[in-house]
Structure formats: C-alpha cells, structure tokens
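# Fold and contact review
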Amino acid sequence: GEIVVWCFKSDMLVETKEGAKEIKNIKKGEYVKTHTGKFKKVIKKFKRLIPNNSPLVWIYTSNSIIKCTPNHSFYVKHNNKQRWKPAYNLTTQDLILYPYNNQKDFLDINYSYYCKKKIKHLKIDKDLARFLGLYVAEGWSYRDRTISFGFNNNEYEYQNLILKVCNSKFKKEAKIHKRQSTQINLHHSGLGNIFNKWFGKGAINKQIPDFIYQWNLENKLSFIKGIAEGDGHIKNPHQLYITSVSKKLVKGLQKLCQQSGLEYGKISQYKSNNA
C-alpha cells in the first residue's frame with residue numbers, strides 16, 4: 001500500500017549506448033547501463049512533480065554532485081562489503097560503486113597504405129586518442145587527402161607524438177615544415193574527408209564524434225588531454241581553461257568530462273572585436 005518514488009532531477013546524466021544523456025531526453029526502447037555494467041532496454045519512463053515538503057538529497061563525491069529523492073538506492077562498498085543503500089542513509093564512509101569495463105576500443109576506418117594493404121580497424125591506445133584530441137585542437141583537413149597540425153616550433157613533445165602515430169598507426173611518414181611555426185602534414189587519398197566527417201570542417205564546426213563517448217575511460221582521458229594541450233591553459237594549480245569558437249565542441253567536451261568523472265565549471269562566452 002506504500003508508493004515509493006525513486007527519482008533523479010531531469011538534467012541528471014545517464015549512460016546509454018549512444019553516450020551520456022539527460023534523463024529527461026531518454027526514450028522508451030533506448031538502452032541504459034545498469035549496475036552490472038550491461039545495457040538494458042528502457043520499458044517505461046515516469047515523470048513526477050516533487051512536492052516542496054519533499055526535499056532532494058544532495059550527494060557530494062570527489063567527482064560530482066548527485067541530486068535525487070531520499071529513497072533512491074545506491075550500490076556502495078562499506079566495511080569491505082557491497083550492498084544497496086538509500087540516499088538518505090549514505091555516509092562519508094561509503095564508496096559509491098560504478099561499473100567499469102576496461103574494453104578494447106577500435107576506430108573503424110577503411111584506410112589503404114603501401115601496396116594497397118588495408119586497415120579496417122585501428123586499435124585505440126593512449127597515443128592515438130591523444131593524437132585525435134590534438135587534431136580537434138590544432139588540426140585541419142583540406143583537399144580531401146590531407147590532415148595537418150600546427151604547433152609552436154618549441155612544442156617538440158606534440159610534434160614527436162604526431163610523427164610517431166602517423167608512422168605506427170597510419171603506416172606513412174608525415175611531412176614537417178618549419179618556419180615561424182611548425183606544420184605537420186599527413187597526405188593520403190580520402191583521409192581529409194574522413195576527418196572532416198568525424199570532427200567537422202573548419203574551427204567553428206569542430207565536434208566530438210559519437211564513437212568517442214563509447215571508449216573506455218583511459219582513452220577518453222587521453223583524448224581530453226590532447227584537446228587541453230592544444231586549446232587549454234592553466235590559470236592556477238587547480239583550474240584548466242579550454243577555449244574554442246565551436247559551441248558544439250564545448251558542449252561535447254562538457255558531456256565527455258561528465259562521463260569521465262571530471263569536475264567542470266560553467267561555460268563562459270566571450271565576444272571578439274573582430275568577429
């Protein structure tokens with residue numbers, strides 16, 4: 001005879017097969033991750049108004065803030081034992097558990113190199129993920145067959161990483177040009193089109209492709225690291241600022257940080273005198 005309401009706020013992010021989504025946008029038939037790490041189909045969704053005399057519980061963790069109704073249960077580890085506990089009964093001695101599967105990630109790409117040998121799947125590792133992050137920050141594509149990177153002449157670490165990945169993953173030596181700055185070009189038919197499709201053409205259209213939200217945590221963090229190295233700056237020991245002219249990229253990065261357990265602040269917008 002008792003109705004128990006377990007609810008999150010409408011903007012709570014939930015992990016689905018397509019990446020993190022606000023719970024209000026999840027539809028019947030989509031697949032969401034359960035406490036076992038498996039994805040199960042949504043068969044029904046409820047929407048309720050919470051009375052003012054039924055306050056939400058705020059749960060502060062080292063990574064985020066969770067807001068939910070008091071009865072919502074969490075899978076926790078306490079005194080070396082794992083069990084479910086309602087939100088109102090959580091203490092600072094509890095560790096909230098989250099299913100993590102250190103899966104192997106692959107990049108679907110139909111890429112030919114010497115003697116028309118083909119690569120259909122590139123295994124993602126930290127170097128390749130960071131390479132793609134640096135491309136989002138410092139790269140561009142043109143003439144459908146070239147991807148390029150631009151760096152300060154003194155940024156040897158980034159330059160060496162790009163050259164290394166071009167050789168080990170794409171099986172081709174990149175061309176490097178040094179003047180006032182350093183430009184690295186990787187030439188191959190169709191590669192520019194592939195990268196434009198994934199990451200957007202032009203700085204204002206840069207984006208994070210959907211497949212990156214499916215990667216394991218280590219690769220996601222390496223991808224974010226690449227973006228931060230290209231477009232980020234450290235204001236103090238506890239804050240990193242990343243700037244972009246692409247609103248879509250900023251929102252995607254915010255979503256990826258949320259998925260990866262990284263705390264982030266508000267998005268600030270600035271207007272240029274020239275644009």
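For the structure itself, consult the block above.
Calculation rules
- Residues numbered from 1 in each chain as written.
- Predicted model: local features only at pLDDT ≥ 70, side-chain atom pairs only at ≥ 80, totals over all residues.
- Heavy atoms only, no water.
- Helix = DSSP H or I, 4+ residues; strand = E, 2+ residues; numbered from the N terminus.
- Buried < 20%, exposed > 50% of the residue type's maximum accessible area, 1.4 Å probe, protein only.
- Contact = heavy atoms within 4.5 Å.
- Axes fitted to C-alpha atoms, helices over the stretch in contact; angles between N-to-C directions.
- Parallel < 35°, antiparallel > 145°, perpendicular 65-115°, else oblique.
- Nonpolar A, V, L, I, M, F, W, Y, C, P; charged D, E, K, R; others polar.
- 1 Å grid on protein atoms, 1.4 Å probe; cavity = no way out; pocket = protein on both sides within 12 Å on 5 of 7 lines; lining within 4 Å.
- Points joined across faces, edges and corners; volume = space filled by probe spheres on them.

### Overview of the overall build of the protein chain
- Along the protein chain, the regular secondary structure elements total five helices and 17 strands.
- Judged by the C-alpha coordinates and their principal axes, the protein chain covers about 75 × 45 × 35 Å.
- In the protein chain, buried positions account for 35% of the 275 residues.
- Within the protein chain, counting contacts between residues at least 6 apart in sequence, those at least 24 apart form 49% of the total.

### A few points about the packing of helix H1 (residues 126-138) against helix H3 (residues 191-199)
- For the pair H1 and H3, interaxial distance at closest approach is 12 Å and the crossing angle is 80 degrees. Considered as vectors, H1 and H3 are oriented roughly perpendicular to each other. Mapping the contact onto sequence places Phe131, Leu132, Tyr135 and Val136 in H1 and Phe195, Asn196 and Phe199 in H3.
- Grouping the amino acids of the contact of H1 with H3 by side-chain chemistry returns six nonpolar, one polar and no charged.

### Brief notes about the layout of surface pockets
- Approximately 1300 Å³ is the volume attributed to the second largest pocket.
- Lining the second largest pocket we find 31 residues, and of these Ile242, Val250, Lys266, Ile267 and Ser268 sit closest to its centre.
- No other element matches the seven residues that helix H5 (residues 247-259) contributes to the lining of the second largest pocket.
- When its residues are assigned to classes, the lining of the second largest pocket shows 15 nonpolar, 11 polar and five charged.

### Details of unusual backbone geometry
- Located in the positive-phi region is Asn79, a residue other than glycine, with phi close to 55 degrees.
- With respect to the helices and strands, Asn79 occurs in the loop between strand S7 (73-78) and strand S8 (81-86).

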